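# Fold and contact review
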Amino acid sequence: MGGFLVHGAGCAPGVCRLLVHASDVHGSCMQAWCQHGRPAIRDNVDIPTRPLATPPMPREILLNAFDMHCVGHIQQGLWTHPRDQSTRYNTLAYWTEMARTLEAALFDGIFLADVVGVYDVYGGNADAALRGGVQVPVNDPMLLIPAMAAATQHLGFGVTANLVYEAPYLFARRMSTLDHLTGGRVGWNIVTGYLDSAARANGLSQQMAHDDRYDLADEYMQLVYQLWQHSWADDAVRADKASGVYADPAKVRLVHHHGKQYTVDAMHLCEPSPQRTPVLYQAGSSPRGRRFAAQHAECVFLNGQSVAGVKAIVDDIRALAVAAGRQADDIKFFLGATVVTGATAAEAQDLFAEYRQHVSSEAALVHAAASLGVDLARFDLDEPVDASASNAITSNVAAINRSQGPQWTKRKLLEQMVLGSRQPPIVGAAGAVAEELIRWTETTGVDGFNLSRTVAPECFVDFGRLVVPELQSRGAFKTAHRPGTLRDKLFGRGDRLPAAHPASHPAMVDAQPAG
C-alpha cells in the first residue's frame, strides 16, 4: 500500500487536505488531524506507491522557491517564529545564503514577487500592514539578482516588475543587463498591478480598469520585443581590436515605435544578451489574463484551486496559445504550493502545529483584502462578503467564489487561512508530499511548483533534504543541474524565443539602420 488523502471531520475535502502514508496507520487507528484541528477522516481516494524504476515514469517536476524582498510574504505572521530569519532580508548575506541553499537542493530558480504600493484596503489605511509586516517594508528585488547570481552557477531568477510604472526603454536596458550579468539566467514576471496605492504613489488617482491594464501591456510588450529582439543583429558586435571597431553600425537598427501609450525613436542600448528576451512569466488567470498569457507567456504561475479548476485553466491557455499560432508545450505552468514536511507524518504534524502558533489572522486579512479589492474590516465574521465590484485580482475573487460559494464570509476565509494565507498547505511525511506533488502534475497538466516560504530558510532546507530525494526516487526530479540558460533548461530548445512567439515575428518590427 502507498497512502491516501484525508480531510477533517466537517471540512470540505476540496478545501482541507492532508496526506497520510499507510505506514502511519495501525489497524483502523489513524492519529492525524486536519489543518483546522479537527480529527481526520479518510477520503475515498487511495494513492498507490509507484514501484521504483517502473514505467511509465512521472514527468520531471520543475521547482522554484517563491519569495519576496520583505519580511512577510504569503504566510502572514510566520516571520515571528524564533527560527525564521526573514528579518535579515536587508542583508546580502541572507540572500546569497538562500541562493546557495536552493542551488544545492537542485531548485530551478527563485521567483521574486514585488509590489510598488502598500496594502491599505483593510481598514482604509496601512496601519495593520505596517504592524504585521505585510509586504511592507519592501525593497527592490532586481538589486538582489547580481549578488545571488555571483554566488551560484545554475539557479534561475524570475523577477516581478510592474510595467505600468516602468518606462519601457529603460526597463529593457535593465533586463538586458541582468541577462548579461547572470549569463542568461533571468526571467521577468509581467504584472500590471492591482493596488490603488501604487497608482497614487505614481501620480494617478487610481489604477486603470482591469482589462485596460492588459491593453497597455500588449503595447508595452510590442515595444520591448523590438528593443530586445530586433535592434541589434546577432553579429553586430565585432570587438575587433586590430581595426578598432567594436560594433558594426550597419547592423544596429533604430526602433521607431509610435503607439497609443508609448513613443520611442532609439536603438537599444545593450548588445544582444544570451537570451535576448528574458524568460517571460505571467500570473493572471482571468479571461483577459489568459489571452495575454497565451500570446506572450512562457511560464504561467497559478494559485491553488481544485484539481478540476487548475486543469481547466491549463487546458484553456494551451488551447488559446495554439489558436495564436504557438505550440501547446511552449508554455510551462507553475502551481503555487505550501509544504510542511518531516521524516514522518507525526513529525510533519508537530511542525505544522508549531507554525500555526505564529500565524497572524489580522495580517492574513490585510493581504486578502488587498488582493480581493474588498475592505474586510467592514464585515462581521458571519456577514456575506460582496466582492463583485472588485478591480483588483479578479481571478482571486473568482477562485474564492468557486471554493467557498458566492456568499462566503470572513469566518470561512479565516478557517481557510490556516498558515496565514488562502493557500491550503500540504502537510505530511516527505514521501506523501512527493506523491501529492506528482498527483497534481499528472491530473492537472502543470509542470512544476512555486514553493512559498513558511519559516525561512528551514522550509527550503527541509524540502531539499527530505522531499527532493523522494521525488528523485520516483523519477520525478533531476539528480543534477544541467548547463545552459534558464530558457534552455526549461524547454531544451536553445537560448532564444522560438520562431512562433510573437516577439520573433518580423511583421511587428518598425526599424531602420542606425546609420
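### Description of the packing of aromatic side chains
Across all of its chains, the model carries 16 aromatic pairs by this definition. When the ring of tyrosine 119 is compared with that of tyrosine 194, the centres are 6.4 Å apart and the planes differ by 25°; the resulting orientation is stacked. Of this pair, tyrosine 119 sits in the loop between strand E5 (109–113) and helix H2 (127–132) while tyrosine 194 sits in the loop between strand E7 (186–191) and helix H5 (196–201), and the two are 75 residues apart along the sequence. When the centroid spacing of 6.1 Å and the interplanar angle of 50° are considered together, the rings of tryptophan 188 and tyrosine 220 count as tilted. Of this pair, tryptophan 188 sits in strand E7 while tyrosine 220 is found in helix H6 (residues 210–230), placing the two residues 32 residues apart along the sequence. One aromatic cluster is present, formed by Phe66, Phe111, Tyr281, Phe301 and Phe334 through successive ring pairs.

### Things to note about helix H1 (residues 92–104)
Counting along an α-helix, one turn takes 3.6 residues, and residues three or four places apart therefore face a common direction. Between the first and last C-alpha of H1 there are 18 Å, a value that for 13 residues agrees with the 18 Å anticipated at 1.5 Å per step. For H1, the set of buried residues is Tyr94, Trp95, Thr96, Met98, Ala99, Leu102 and Glu103. Packing partners of the buried residues in H1 comprise strand E4 (62–68), E5, helix H3 (145–150) and helix H14 (458–473). Leucine 106 occupies a position one or two residues after H1 and carries a positive phi of about 70°.

### Some points on the pattern of salt bridges
A complete count under the given rule lists 27 salt bridges for this structure. Between aspartate 447 and arginine 59 there is a salt bridge; the shortest N-O distance is 3.1 Å. Taken together, the positions of aspartate 447 in the loop between helix H13 (430–444) and strand E17 (448–452) and arginine 59 in the loop between strand E3 (40–47) and E4 put the pair 388 residues apart, joining distant regions of the chain. Judged by its relative accessible area of 8%, aspartate 447 is buried. Residues joined in a network through salt bridges with shared partners are Arg59, Arg318 and Asp447.

### Some remarks on the pairing of strand E10 (residues 253–258)
Across 4 bridges, E10 lies against strand E11 (residues 263–266) in antiparallel orientation. Within E11, the position partnered with valine 255 by the bridge is alanine 266. In this antiparallel pair of consecutive strands, E10 and E11, the connection spans 4 residues.

### Here we look at the packing of H6 against helix H7 (residues 287–296)
Relative to each other, H6 and H7 sit at 10°, their axes nearing to 10 Å. Between H6 and H7, the interaxial angle falls into the category roughly parallel. Contacts from His210, Asp211, Tyr214, Asp215, Ala217, Asp218, Met221 and Tyr225 in H6 reach Arg288, Gly289, Phe292 and His296 in H7. Among the residues forming the contact of H6 with H7, the class breakdown is 5 nonpolar, 3 polar and 4 charged.

### Points about helix H4 (residues 168–181)
When the terminal C-alpha atoms of H4 are compared, their 20 Å separation across 14 residues agrees well with the 20 Å that a helix rising 1.5 Å per residue should span. Among the residues making up H4, those that are buried are Pro168, Tyr169, Phe171, Ala172, Met175, Ser176, Leu178 and Asp179. Buried residues belonging to H4 abut H3, strand E6 (156–162), E7, H6 and E11. Following H4 by one or two positions, glycine 183 has its phi on the positive side, about 70°.

### With respect to unusual backbone geometry
With an omega dihedral of 0°, the bond running from valine 136 to proline 137 counts as a cis peptide bond. Tracing the sequence through the fold places proline 137 in the loop between H2 and H3. Across the junction of alanine 456 and proline 457, the peptide omega takes the value 0°, indicating a cis bond. Relative to the helices and strands, proline 457 is located in the loop between E17 and H14. Phi at glutamine 135 is positive, roughly 55°, even though this residue is not glycine. Tracing the backbone through its elements, the reader meets glutamine 135 in the loop between H2 and H3.

So, how was this worked out
- Within each chain, residues carry numbers counting from 1 in the order of the written sequence.
- Owing to the predicted nature of the model, reporting of local features is limited to residues with pLDDT of at least 70; listing and counting of side-chain atom pairs is limited to 80 or more, with chain, interface and lining totals taken over all residues.
- Hydrogens and waters are ignored; side-chain quantities use all the structure's heavy atoms.
- The aromatic pairing rule takes the rings of Phe, Tyr and Trp, using the six-membered ring of Trp, and pairs them if the centres are within 6.5 Å, calling planes under 30 degrees apart stacked, those over 60 edge-to-face and the rest tilted.
- Only DSSP runs of H or I covering at least 4 residues are called helices, and only runs of E covering at least 2 are called strands; the numbering of each starts at the N terminus.
- Any helix carries an expected span of 1.5 Å times its number of residues minus one.
- Note on exposure labels: buried denotes an accessible area under 20% of the residue type's maximum, exposed denotes more than 50%, and partly exposed covers the range between, all computed with a 1.4 Å probe on protein chains only.
- When checking whether two residues touch, look at their non-hydrogen atoms; a contact exists if any pair is within 4.5 Å.
- By salt bridge we mean one thing: a side-chain nitrogen of Lys or Arg within 4 Å of a carboxyl oxygen of Asp or Glu.
- Two strands qualify as a pair provided DSSP detects at least 2 bridges between them.
- The axes are straight lines fitted to the C-alpha atoms, using for helices just the contacting stretch, and the angles between their N-to-C directions are given from 0 to 180°.
- Working definition: roughly parallel below 35 degrees, roughly antiparallel above 145 degrees, roughly perpendicular at 65 to 115 degrees, and oblique for all remaining angles.
- Here the nonpolar group is Ala, Val, Leu, Ile, Met, Phe, Trp, Tyr, Cys and Pro; Asp, Glu, Lys and Arg are the charged ones; every other residue, Gly included, is treated as polar.

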